[in-house]
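Reading the structure
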Amino acid sequence: IICFCHPTFNTYSLICHNPQQSIEMKTPSPNLATAATQQPTAKIMKAAQGSGYGDPNDVLTVESGIPVPTLMDAVPDDKERKTSMIIRTLSVALAPGDCRVMSGMTRKFQGPPSFPYIPGGDCSGVIVELPDDYEEAYFKVGDYVSVRFNEVPRGALAEYAVVSMNVCDKVPASTSGAASTISPDEAAALASASPATAIGDAICQPGERILVLGANGGQGAHFCQHARRMGAACIVGVSDDPQRLLSAPIGCDEAIDYTKDDIWTLPKFHAEPFDTIMDFASGGWPKLVEQSKSAVNGRGMIVKPAVDGGRYLTTTPDQPTFEIHSYWQLLCIFAFPALYRAISTRTWATKTLPKYTMAMMGLPSKRDVITRTLSLANEGKLKAVIDPVGPFPFTTAGVRDAFHRQSSRHAKGKVVIHVADL
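Residues numbered from 1 in each chain as written. Predicted model: local features only at pLDDT ≥ 70, side-chain atom pairs only at ≥ 80, totals over all residues. Heavy atoms only, no water.

Moving on: the layout of surface pockets. Of the voids in this model, the second largest pocket is the one considered here, and its volume is about 950 Å³. Lining the second largest pocket are 36 residues; nearest its centre among them are Ala74, Val152, Arg154, Gly155 and Val162. Among the elements of the structure, strand 1 (44–50), strand 2 (60–67) and strand 6 (160–164) are those that each provide at least two residues to the lining of the second largest pocket. The element best represented in the lining of the second largest pocket is strand 6, accounting for five residues. Grouping the amino acids of the lining of the second largest pocket by side-chain chemistry returns 21 nonpolar, ten polar and five charged. (1 Å grid on protein atoms, 1.4 Å probe; cavity = no way out; pocket = protein on both sides within 12 Å on 5 of 7 lines; lining within 4 Å. Points joined across faces, edges and corners; volume = space filled by probe spheres on them. Helix = DSSP H or I, 4+ residues; strand = E, 2+ residues; numbered from the N terminus. Nonpolar A, V, L, I, M, F, W, Y, C, P; charged D, E, K, R; others polar.)

Another point: helix 13 (residues 368–378). Among the eleven residues of helix 13, ten are classified as buried, and the element is accordingly described as predominantly covered. If you check which residues of helix 13 are buried, you get Val369, Ile370, Thr371, Arg372, Thr373, Leu374, Ser375, Leu376, Ala377 and Asn378. Contacts from the buried residues of helix 13 go to strand 5 (144–147), strand 7 (168–170), helix 6 (184–192), helix 7 (194–203) and helix 8 (220–229). The first or second residue beyond helix 13 is Gly380, which carries a positive phi of 80 degrees. (Buried < 20%, exposed > 50% of the residue type's maximum accessible area, 1.4 Å probe, protein only. Contact = heavy atoms within 4.5 Å.)

Now for empty space enclosed by the protein. The calculated volume of the largest cavity comes to roughly 40 Å³. The wall of the largest cavity is formed by Asp279, Ser282, Gly283, Trp285, Tyr312, Thr314, Thr316, Pro317, Asp318, Arg341, Tyr356 and Met358. When residues of the lining of the largest cavity are traced back to their parent elements, those giving at least two are strand 12 (311–314) and strand 13 (355–358). Residue classes in the lining of the largest cavity are distributed as five nonpolar, four polar and three charged.

A word on the nonpolar core. In this structure, Met45, Met85, Phe139, Leu157, Phe394 and Ile417 are the most contacted members of the largest nonpolar core, which totals 46 residues. Every element with two or more residues in this core is listed here: strand 1, strand 2, strand 3 (84–93), helix 4 (96–103), strand 4 (122–129), strand 5, strand 6 and helix 14 (396–407). If you tally residues by element for this core, the top one is strand 3, at four residues. Judged by nonpolar contacts, the second largest core, of 29 residues, contains Ile263, Leu288, Met301 and Ala349. (Core = buried A, V, L, I, M, F, W, Y, C linked by side-chain atoms within 4.5 Å.)

Once that is clear, we can look at helix 14. The end-to-end C-alpha distance of helix 14 is 17 Å, a good match for the 16 Å that twelve residues give at a rise of 1.5 Å each. Every buried residue belonging to helix 14 is among Gly398, Val399, Arg400, Ala402, Phe403 and Gln406, and all of these are buried. Residues of helix 14 that are buried sit in contact with helix 1 (56–59), strand 2, helix 4, strand 14 (392–393) and strand 15 (416–418). (Expected span 1.5 Å × (residues − 1).)

Let's shift gears to the environment of Gly142. By the secondary structure assignment, Gly142 is in the loop between strand 4 and strand 5. Relative accessible area serves as the criterion here: at 12%, Gly142 is assigned to the buried category. Sequence separation between Gly142 and Gly125 is 17 residues, and the spatial gap between their C-alpha atoms is 9.4 Å.

Here's what the structure looks like:
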């Protein structure tokens, strides 16, 4: 029901795709990275610098003259170094965790060990250095890769970055064998949105009616595509930009503008309730509980009760922003409410509420979710959704604007910063 993968609470959980599934990936065409097939000769680089906690306008700059990382210096642990590599960064996709780190609201669990630090975690790039004792033949210098951050989102927003092989995979060549059609901006966005792949594979069922709260966001825009791929009969999205939800690639069957209509009170959804609510926006459960007080045996609600197969899944607590400085606060915000709701909706409240599950977005510890996401994109079954305000330039003004866009909670897809060309 609930899985706490890591106290960084950045996003995945109890859900992952079928580990038995075979995924065929093609090696990228060699011409993808001919300009970056050697170890970095530069000793200094340009990098984003977070000088402390606070507003990006006050603490975030892009500076030159930053030392290029080396595996020996950046990864002192011998075991961890064996699965680390250095990439020439191409693009970085932001996520809520990036803003949370900079805010300092979860510094006990996510704060950098010192300042200044390099923000950013999800990215794309070209491999320029592998460990001296790397014995596998899977990765090679020059490979074009898509990367999820490992443990904490830091270190990517620079011209060179140290990344983990465990949450990284090669961007495949096109199905015709030509150079990849997945751009660096798209590769970073797909890595950052890969949790939606895990959720979609795990919870979407053919023929069901799904309501997606936060359908225009970085995860929601990709989840809607997975729901369609898995055979959902009807997908209804909620956003302040309904036309975008109805258009490709998101492709909802119906879109509700929450600035004009209250999804919880629309009579047509009471008459034909949803099978599943997927909440990426936060705050839906308290409204559902309030609605249940006037319902009779689950009738009069927009989602079926648990006894009829109704489900409510969320990736966030009730408030989209939170401050946590102790394990007790962590338990009070994440564990205790989720545990109570999960138990009650599987026992005494099955006739009044849907089955509650917190699909807490922890960290994928293996590359399989990235592999599957890239494979679906390469096959044309998934399209990276990038916020149209970006991609943002790799300048002080650009990265500040990107962080503000991400923290606004009004981004339409993934917020991407373009660092360099392939």
